[in-house]
Amino acid sequence: MCSSDLTFIFIISIFPGLYGLRINKIKITGNTHTKSALIMSITGFSTNRDYSVERLNRLAKRAKQRLDMSSWFYSSDVTVTPTKRGKDYRNVVIEVKEGFLYRFYGSYAYGVFGKENIWGNGERVMLEMGYNRQLVQVGLPRLGKYFLNFEGGNKNSYYYQLGKDGYLKTNTQKIGAFMEFGYRLGWDTGISLISSVTHLTRNDYSLLTNESMGGVRLEWNGKTGIFSSHSGYFFRTQYEALFPFQAYRISLDFRKYIPFGQTLYLASRLRFFFETPGLPDYERISLNGADGIRDEGAQNTMGAVAAALNVELRWDFFRSVFFTIFDTSFQGLLFFDTGRAYDSWNMVQWKDMDYAAGFGVRLLFNNPVFVPLRIEMGWGKDGNISGYICSEVPF
């Protein structure tokens, strides 16, 4: 027997359970509708794998976060318990309380109705109806190791054009379809093919262009909340080929969440964009808007190369559950945004950055409505004041 084998045996004898810890039994309770196979896919436990004590406890904590973020349960709990089989085995108990699966929310000009987890495998169908907005959304999160997302119909959109007083918001209509088909490397990680076909018009439905897109997306989702993650991270990188422009776009999006206690935390987001120069305004990268640089008077936020940093100090100052199912929370925030866009690589200097600072309040409707209401106000570097009232999901 070699010395490395002796060392390994010595470590196991001194620190039992550090290596070779196995799950004896996985018990799932409370899922009268949701398939146990779906819960197993979400949690990631296996009786055919070795764990350390630390890794098993960490997986149990992450499994609960995934179940809570699925939006299919009012509550969940995942515990690791001893078993009579021996010191190197553990039981895992997964308890869920199934929630209200119908969804209804909207904005001032449209309403949304649908249902999630329709047949117990996570299926989702949503219908959006309203002024200049008629959409069908379908999600199939578990097709073996694969997943599929589809969106088709008509929705209002917008782009920015540079005017003498800053960027002007121009409304448009998008008629077409988007599809994402991917493979799960884990429940938090996936690689997918994305494509879209769009008939882009002005708001009066006069044609701007017919366009299509094909690309690849890679994503790691380590967030702990749907609307407002208290810890964890998120990363997405994406490549898109744009037709008929014979152009490309590459984007990187990284988010990090750092807690300071139970209700106060720091959320940050760093993004980079690169695309073929010379695209029309309705296709160009823009850093404007409620999730960009919150200053409508900013002068350097559109181009072919861009970077943006958003930092928010968030405080969840009140939470209540109405009628036992309506989970609602109130959030205050201070924010700082900065970034810059250039028309080409040879112009990049990363100086004279645009920036904005401000505050806001958010009303986050969780189960079963799942919609955020945001009221935010920012001050730009030239003293411009910009206000935002929207229901876009914050980063």
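The structure we're discussing is the one just above.
Computed from a prediction, not measured in an experiment: that's the story for all the values here.

Counted by the stated rule, this structure contains 14 aromatic pairs. Between Y102 and F113, the ring centres sit 6.2 Å apart and the planes meet at 20°, which makes this aromatic pair stacked. Taken together, the positions of Y102 in strand β4 (residues 102-107) and F113 in strand β5 (residues 110-116) put the pair eleven residues apart, joining distant regions of the chain. Assessed through its relative accessible area of 36%, Y102 is described here as partly exposed. Within the aromatic cluster, the residues linked to one another by ring pairs are W315, F317, F318 and F330. Here the guanidinium or amino end of R184 rests over the ring plane of W187, the centre of that ring lying 4.2 Å away. When the ring centre of F234 is taken as origin, the NZ or CZ atom of R255, which lies over that ring, is 4.3 Å away.

Of the pairings in the sheet, the one linking strand β11 (residues 207-221) to strand β12 (residues 232-243) comprises ten bridges and is antiparallel in character. Along β12, the bridge assignment pairs G214 with A241. Pairing geometry for β12 and strand β13 (residues 247-259), over eleven bridges, is antiparallel. Residue pairing in the sheet places E240 in a bridge with R249 of β13. Taking the residues that link successive antiparallel strands as the turn, the β12-β13 hairpin has three residues, and the phi of Q246 there is positive, at about 50°.

Moving on to the pattern of salt bridges. Following the criterion strictly, the structure yields 26 salt bridges and no others. Between D68 and K64 there is a salt bridge, with the nearest N and O atoms lying 3.1 Å from each other. Of the two residues, D68 and K64 are both situated in helix α3 (residues 53-69); the distance of four residues between them amounts to about one turn of the helix. Classification of D68 as partly exposed rests on a relative accessible area of 33%. For K64, a relative accessible area of 30% gives the class partly exposed. R284 is paired through a salt bridge with D343; the nearest N and O atoms lie 2.6 Å apart. One end of the pair, R284, is in the loop between β14 (264-275) and β15 (285-286); the other, D343, is in the loop between β18 (326-342) and β19 (354-365), with 59 residues separating them in the sequence. The exposure class of D343 is partly exposed, given its relative accessible area of 40%.

About the cut-offs
- Residues numbered from 1 in each chain as written.
- Predicted model: local features only at pLDDT ≥ 70, side-chain atom pairs only at ≥ 80, totals over all residues.
- Heavy atoms only, no water.
- Phe/Tyr/Trp six-rings, centres within 6.5 Å; stacked < 30°, edge-to-face > 60°.
- Helix = DSSP H or I, 4+ residues; strand = E, 2+ residues; numbered from the N terminus.
- Buried < 20%, exposed > 50% of the residue type's maximum accessible area, 1.4 Å probe, protein only.
- Lys NZ or Arg CZ within 6 Å of the ring centre and 35° of its normal.
- Pairing = 2+ DSSP bridges.
- Salt bridge = Lys/Arg side-chain N within 4 Å of Asp/Glu carboxyl O.

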